[in-house]
Amino acid sequence: MNLICTGTIGIDTIETPGNGRREELLGGSVVYFAAAASFYAPTRLVAAVGDDCPAEFLDTIKSFKGVDTAGLEVRKGSKTFRWGGKYMDDMDHRETLFTELGVLEEAPPRIPEAFKSSEFAFLANSHPAVQLDMRDQLDSPRLVVADTMDLWINIAKDDLTKVLGRVDGLVLNFDEAELFTGKRNPVTAGRHLLELGPRFVVIKKGEHGCILVHRDGLTALPAYPTEQVIDPTGAGDSFAGGLMGWLASCGAEDPGSFESVREALAHGTVVASFNVESFSLDRLKSITAADLHARFADYASMIRVG
Ligand code: AMP
């Protein structure tokens with residue numbers, strides 16, 4: 001089944017406590033998402049960059065097998081989205097150093113006609129108005145999931161609330177769930193968000209895993225314990241890529257059911273654990289489907305109880 005995604009393509013600057021500072025890295029929510037999802041299902045990418053975007057970034061995105069880039073726009077005279085982040089000593093918390101919205105302040109990217117019938121859709125982190133526009137252009141998707149971030153909760157909460165009314169699922173960090181709802185407990189925050197529309201909410205807690213608050217149940221999964229945490233950027237997006245990629249490929253009658261989403265979360269967890277083992281997309285570029293399957297088997301045996 002086809003999966004469509006929209007979000008940011010970014011030029012990132014990353015500061016880490018142990019591995020230094022890197023500038024001009026390929027990043028962006030939809031890039032990590034599509035790279036991860038394409039291990040599982042054909043993935044259609046819709047995003048815009050300015051003509052300042054390095055050619056090798058575009059080549060890397062096009063090199064991901066299974067990613068259809070017919071919806072990638074390079075806009076003359078526009079500026080590519082830029083973001084800088086600095087990680088704290090625990091590598092789990094970070095501070096945004098700067099955000100330069102560039103093309104995100106312009107008209108949303110156009111969805112190619114052939115993409116409008118996509119059955120699965122992921123609205124990766126971007127301006128909620130862009131997410132809404134994309135949602136409204138799709139014919140009749142079976143499952144739509146969105147991600148968001150503190151910036152959008154702070155500057156576009158009304159649009160974000162409208163997004164929640166138009167999606168089946170929401171994925172967000174614990175701090176963001178608290179910021180949105182004012183609720184400190186993740187389960188309470190998740191239930192509050194369910195009232196705004198989605199059937200399920202996934203609350204990510206970094207190295208502590210994630211909590212699924214679904215209308216039909218509640219569960220938690222640990223993160224895969226990797227020793228090599230070089231740069232956590234994109235962990236959330238690659239997690240969502242594994243989640244949605246697996247749901248698009250598994251053929252479940254009801255892909256948004258509690259059981260389907262729970263199993264998909266395990267795939268998201270495993271692909272995200274690879275992503276944090278390098279800066280930018282380096283690790284995801286180097287692994288194979290066999291590497292993913294081997295780590296998944298390892299993870300599945302770790303979490304099996306009873
Ligand atoms: P994650 O670590 O999963 O939250 O993803 C970080 C990536 O998202 C980085 O590569 C950034 O380029 C991009 N990003 C950072 N801030 C935003 C934002 N407010 N909206 C969309 N994308 C963002």
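Small disclaimer: the values here were computed from a predicted structure and weren't measured.

The rules behind these values
- Residues numbered from 1 in each chain as written.
- Predicted model: local features only at pLDDT ≥ 70, side-chain atom pairs only at ≥ 80, totals over all residues.
- Heavy atoms only, no water.
- Core = buried A, V, L, I, M, F, W, Y, C linked by side-chain atoms within 4.5 Å.
- Buried < 20%, exposed > 50% of the residue type's maximum accessible area, 1.4 Å probe, protein only.
- Contact = heavy atoms within 4.5 Å.
- Axes fitted to C-alpha atoms, helices over the stretch in contact; angles between N-to-C directions.
- Helix = DSSP H or I, 4+ residues; strand = E, 2+ residues; numbered from the N terminus.
- Parallel < 35°, antiparallel > 145°, perpendicular 65-115°, else oblique.
- Left-handed = near helix turned anticlockwise from the far one by under 90°.
- Nonpolar A, V, L, I, M, F, W, Y, C, P; charged D, E, K, R; others polar.
- Pairing = 2+ DSSP bridges.
- Near = heavy atom within 4 Å.
- Polar contact = N/O pair within 3.5 Å; in protein donor to acceptor, adjacent residues only side chain to side chain.
- Areas by Shrake-Rupley, 256 points an atom, 1.4 Å probe, with all protein chains shown as cover.

Attention now moves to the nonpolar core. With 58 residues, the main nonpolar core has Ile-9, Leu-45, Met-244 and Leu-265 as its most contacted residues. Apart from the residues within four sequence positions on either side, Ile-9 is in contact with Leu-26, Gly-27, Gly-28, Val-30, Val-31, Leu-45, Ala-47, Val-49, Ile-61, Leu-72, Thr-80 and Phe-81. Counting residues in each nonpolar core, the second largest holds 28 residues, with Ile-4, Phe-115, Val-163 and Phe-174 among its members.

Where helix α1 (residues 29-37) contacts helix α8 (residues 235-250), the axes come no closer than 7 Å and their chain directions differ by 40 degrees. Classified by the interaxial angle, the pair formed by α1 and α8 is oblique. Note on packing geometry: the crossing formed by α1 with α8 is right-handed. Side by side, α1 and α8 meet where Ser-29, Tyr-32, Phe-33, Ala-36 and Ala-37 of the first sit next to Asp-237, Ser-238, Ala-240, Gly-241, Gly-242, Met-244 and Gly-245 of the second. Considered class by class, the residues forming the contact of α1 with α8 number 6 nonpolar, 5 polar and 1 charged.

Looking now at the sheet that holds strand β11 (residues 200-204). Taken in spatial order, the 9 strands make up an open sheet running β5-β4-β1-β8-β9-β10-β11-β12-β13, and their pairing is mixed. Every interior strand has two partners, whereas the edge strands, β5 (67-75) and β13 (217-221), have only one. Strand-to-strand twist of the sheet, defined as the mean angle between neighbouring strand axes without regard to direction, takes the value 15 degrees. Bridging between strand β9 (residues 143-147) and strand β10 (residues 169-173) involves 3 bridges; their strand directions are parallel. Following the sheet pairing, Asp-147 is matched in β10 by Val-171. Where α8 meets the sheet, its contacts fall on β1 (3-6), β8 (120-123), β9, β10, β11 and β12 (210-214), and the angle it forms with β8 comes to roughly 170 degrees.

If you check the shell around the ligand, you find 19 residues, and the closest are Asp-12, Gly-28, Arg-94, Gly-234 and Asp-237. With respect to the ligand, the backbone of Gly-236 contributes an N or O atom lying 3.1 Å from an oxygen atom. Protein chains shield 96% of the accessible area of the ligand, which is 510 Å² for the free molecule. Broken down by secondary-structure element, the contributors of at least two residues to the shell around the ligand are α1, β6 (81-87), α4 (150-155) and α8. Looking at the shell around the ligand, the element that brings in the most residues is α8, giving 3 residues. For the shell around the ligand, the per-class residue count stands at 8 nonpolar, 8 polar and 3 charged.

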